[in-house]
Structures are given as structure tokens and as C-alpha cells.
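The primary structure of each chain is shown beneath.
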Amino acid sequence: MAKLTKRNTKIFVLDTSVILHDHNAIFNFHEHDVAIPIIVLEELDTFKRGNDSKNYEAREAIRIIDNLASLDTLQDWIPLSTERKSRLKVLFNEHLSAIDAEKVFAEKKADHKILNAALDLATVEKGRQVILVSKDINLRLKAKALGLQAEDYQTGKVKNVKDLFNGIDIIEDADHEDIKKVFNSKKTDDLNMIKNRVVANHFYIIKNGTSSLLAYYNPFDETIERVEKQLVYGIKPRNAEQTFAIHAILNPDIKLVTISGAAGTGKTLIALAGAIEQKNRFKQIYLARPIVPLSNKEIGYLPGDASEKVNPYMAPLWDNLSFIKNQYKPTEKKYMAVQEMQNEGQIVVTPLAFIRGRSLSDVIFIIDEAQNLTPHEVKTIITRAGQNTKIIFTGDVNQIDTPYLDDQSNGLSFIIDRMKGQSLFAHITLEKGERSELANLANELL
């Protein structure tokens, strides 16, 4: 194998979006050098205050860079890793390149300063590949228009979303007697029944002509077990996928559940109903979602106090809770039980940022719209799970509202891809819309 030299290693120039996505990004380029334009440090400074995840990422990145540069200046290359000989440097706009992005695009802005810093570096480091790394697709296009190589940040990306684990297999032409046996006895250790498609907590629709069976693989007993339809707080599953989702939510051995699906498939409703059904097993139910401001405007610009600012974003969660309560009359015991849980703070509907730092012991924690989280954000949530905690992520990987995430790099896809096959994890993709015929038609045609 040829020995690596600085001439045949690359230099990756990171923009602000990459560092706000992952504060450890500078360490993820192996033996290659990493450069940060000075304007990126300035932007990190503006992001360091606040309680959002991006504010946390900015603070952590600043601390990391400060520790690396404790004995050196950042005007020269400093070591990132002694093992791989990778280095870090801060870039200044020295106007060494024949191309000036600010003149080309007729505007002085941070993105164009980043482009100029990368162009200057490419002029100085002739013979080496200089690659701009950005989560901003438009900035990547601008870089390529100026003759710079540019790419998305690859760490944490799912390679093939089309083949993303869906949690369900259909087994055709199973033995009729095997189906009958499991239906009656509720379990079997004969794995030939699922044609050795063995995945922990995987769900199966097993068929033989008119006979069919809903089942899952129990990794603890190493058996195929029958899955029965269960009513959860007045909500009845309308298809096999919803039946599987409810089973995973109610299974005490499964601590992490992901449910994906398009609008109207019942993700959040089933998760919340399943959580309330288990109200005696947990001290609290948290129902949270990330706030994605409309038109990229922060919620601080909205009128009112904190509650008034976030209530519009939480409305879909309240709607689901109201729907569950209204399965019963106000005088019925189950209606009053949910109302009492709300009054006593046992059901908490909140923006995700508002629960940072709280204990996650003895709770069932539902995170809605998880496709709008980064891989690092979902890791942070899961690693804070204490004793007797269950976490449920719901979302649609094809409906992302943040500009720097896509179907490959969002947190929901990341969990599904990385957790597949773990005994504490189950995933279900809901395909069939159950909201209304009109909603189904819109999903298909619009």
C-alpha cells in the first residue's frame, strides 16, 4: 500500500452548517486535513447563546477548537490526530484567487466569504484536492459553479433510503399446519416458518392462501409469536401495520420504538394512545416535537410569552390528545383519567428544547416529527434514558422541514438504519393512510 503524504491527502473546508450539525465534525475526515474559514468562527459566536440544539453544538465546537489551539495559533496547521497526522487550520480571506465570489454573486455575505476562503486555499495548495463540505445544497452548487469541489457531510448518512428497514416481512406460501399451530399455541421455535429471515423484534405477515397470521420474532425467547389486535384507550388498529406498532409500544421488553409513515397513517395517535394505555407503568408521558420556524424565522419574533409562541407548533399534539379523550363521554372514567393526568402534569406536551436537562427515568417519551432532528440530537435523547424509560420516535423521512437535512441525513433514518436487529429496538413503517379517503387521494396524486 502506498504511503500517504500530504500531497495525496485532501483538505476539507467546513462551513457553519456542518459544525452546527455535528460539533465533532472536524474529527471525521480520517487522515485528511480540515480547514475552517474565519467567518465560520464568527457565525459560531452568534449561535452560542440559546437553548436549541444548534446553540449547544456551537458551544461544544468552540470548546473543542479552543482546546486544540491551547498552545498554538490557528494561523498555521495544528495537529488534530497524532495517529492519522490530520491537521486543522483557520482560513483568512486573503484574496489570492483570481475568482472573487462576492463579485461573481454581487453580494457580500458569509457564504461568499466561505467560498473565497476555499478558493484562496486551493490557490495556495496547488496539487492537493480542496473540497468544500456543506449541508447547504445551494452553497455546494455555488462552489461547483466556481470550479470548487463540494460535497455534503457524509458522517451519519444512510446510504440507500429506498432500502431502509421497514420492520415488516410478508411470508408467502407458509405451511398451513404451521400457521394453525402458532395461531392456537401463540408461539413456536420453528424458524423455518419465516424462512430464516430472523431479525430481532421483526414483524411478519405469514400467508397460505386464505390463511394468514400476524407474528413477530422474540429475540429473548428465540421464538415466533402470534401478534393479536389490541385496543389502546379507545383506538383500534385498522390494519396489520398499526397492529404491529401497538404491539411494539406495549411490549415492555422493547425500550426504543420508531414509527415512520406519511401523513394520516396514525403514527402519533397510536403512540400517544399506547402510552396512555400504560399510564400505570410510567410516572409521566412526555409528548414533544422539534420546533421548525416558518420561513426560517426564530420563534422569538412571534408575539406573546413562551407558551403563546410555541402553542401553534404544538397544536397537532393537542389535537391527538383531544381525539383520544373524545372517544369517551366527559362523565366516563377514562375521559376523567386523561383529564386528571393533564391537570397533574403526568401528560406533558412541550417543544423538544424545553425538556433539555430533565430526567428521563420512569417516563414514556414520544418525539414527534423526528425526521427534523439530526443524528446527534437523537443520540443525545436516547443516551439520557434512565431506568424504566421507553422512547418512541415518529415521523416521515420524506417530509423534512429543515434546510440542512434530507432523507439520508436526518435523525429518524439514522436510528432506523443503525438500530436494526437490536433486541431493545423495534421499527414499523406505516404504509396505509387511515385519516380519510380524501387524505389518501392527496398523498397518492399531489
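Residues numbered from 1 in each chain as written. Predicted model: local features only at pLDDT ≥ 70, side-chain atom pairs only at ≥ 80, totals over all residues. Heavy atoms only, no water.

Asker: Go over the overall build of the protein, please, and point to the residues and values.
Answerer: Within the protein one finds 14 helices and 17 strands. Here the C-alpha coordinates of the protein stretch approximately 75 × 60 × 45 Å along the principal axes. Expressed as a percentage of its 446 residues, the buried residues of the protein come to 50%. For the protein, the share of sequence-separated contacts (at least 6 apart) that also reach a separation of at least 24 residues comes to 69%. For the protein, the exposed area adds up to about 22,500 Å²; of that, 49% sits on carbon and sulfur atoms. Of the charged side chains in the protein, 58 are positive and 60 negative, and the gap between their average positions amounts to 1 Å. (Helix = DSSP H or I, 4+ residues; strand = E, 2+ residues; numbered from the N terminus. Buried < 20%, exposed > 50% of the residue type's maximum accessible area, 1.4 Å probe, protein only. Contact = heavy atoms within 4.5 Å. Areas by Shrake-Rupley, 256 points an atom, 1.4 Å probe, with all protein chains shown as cover. Lys, Arg positive; Asp, Glu negative; His and termini not counted. Charge placed at Lys NZ, Arg CZ, Asp CG, Glu CD.)

Asker: So what's going on with the pattern of salt bridges? Which residues, and what values?
Answerer: As a working rule, side chains carrying opposite charge can pair if their charged atoms are close by. Taken as a whole, this structure holds 18 salt bridges when the rule is applied. In this structure, the salt-bridge partner of Arg87 is Asp33, at a minimum N-O distance of 2.9 Å. In this pair, Arg87 is assigned in strand E4 (residues 86-91) and Asp33 in strand E2 (residues 33-37), connecting sequence segments 54 residues apart. Residue class for Asp33 comes out buried when judged on its relative accessible area of 0%. (Salt bridge = Lys/Arg side-chain N within 4 Å of Asp/Glu carboxyl O.)

Asker: Can you tell me about the sheet that holds strand E14 (residues 347-351), naming the residues and giving the values?
Answerer: Note: strands within a sheet are paired through backbone hydrogen bonds, in either parallel or antiparallel orientation. Sheet architecture is open: six strands sit in the order E14-E13-E15-E16-E12-E17, paired in parallel fashion. Because the sheet does not close on itself, it has two edges, and the strands there are E14 and strand E17 (425-430). Ignoring which end each strand starts from, the neighbouring axes of this sheet average 15° apart. Two elements, strand E12 (residues 256-261) and E17, share six bridges in a ladder whose sense is parallel. Looking at the pairing, Gly261 lines up with Leu430 of E17. Packed on one face of the sheet, helix H8 (residues 240-250) meets E12, strand E16 (390-395) and E17 and runs near 155° to E17. Of the strands in this sheet, E12, strand E15 (363-367) and E16 are in contact with helix H12 (residues 375-382), which crosses E16 at around 155°. (Pairing = 2+ DSSP bridges. Axes fitted to C-alpha atoms, helices over the stretch in contact; angles between N-to-C directions.)

Asker: Go over the packing of helix H2 (residues 38-47) against helix H5 (residues 110-124) with me, naming the residues and quoting the values.
Answerer: Packed helices, taken two at a time, are described by their axes: the angle between them and the distance between them. Here H2 crosses H5 at 145°, and the two axes come no closer than 8 Å. Together, Ile39, Val40 and Glu43 of H2 and Ala110, Lys113 and Ile114 of H5 make up the contact between the two elements.

Asker: Could you give me a rundown of the packing of aromatic side chains, with the residues and numbers involved?
Answerer: According to the stated counting rule, one finds six aromatic pairs in the structure shown. Centre to centre, the rings of Phe29 and Tyr153 are 6.1 Å apart; their planes meet at 45°, and the pair counts as tilted. A residue pair is termed long-range when its members are at least 10 positions apart, and Phe29 in the loop between helix H1 (16-21) and E2 and Tyr153 in the loop between strand E6 (149-151) and strand E7 (168-171) qualify at 124 residues. The exposure classification of Phe29 matches that of Tyr153, with both residues buried. (Phe/Tyr/Trp six-rings, centres within 6.5 Å; stacked < 30°, edge-to-face > 60°.)

Asker: Describe the pairing of strand E10 (residues 211-218), listing the residues and the values that go with them.
Answerer: Most of E10 sits out of view: seven of its eight residues are buried. Note: strand E9 (residues 203-208) against E10, six bridges, orientation antiparallel. Across the sheet, Tyr204 pairs through a bridge with Ala215, a residue of E10. Connecting the antiparallel pair E9 and E10 is a turn made up of two residues, with Gly209 showing a positive phi of about 60°. Relative to strand E11 (residues 223-226), E10 runs antiparallel, the two sharing four bridges. Note that in E11 the partner of Tyr216 across the bridge is Glu225. Counting the residues between successive antiparallel strands, the hairpin from E10 to E11 contains four residues, one of them, Glu222, with a positive phi of roughly 55°.

Asker: Explain the side chain of Lys142 to me, using residue names and the numbers behind them.
Answerer: The topology assignment puts Lys142 in helix H6 (residues 137-145). Residues within four places of Lys142 in sequence aside, it is in contact with Phe105, Lys109, His112 and Leu115.

Asker: I'd like a rundown of H6, residues and numbers included.
Answerer: Residues of H6 that are buried: Leu139, Arg140, Lys142 and Ala143. Down the axis of H6, the sector holding all buried residues measures 160°, keeping them to one side. Those residues of H6 that are exposed and angled more than 90 degrees off the buried face are Ile137 and Ala145. Just downstream of H6 lies Gly147, where phi reads positive at about 90°. (Arc of directions from axis to C-beta.)

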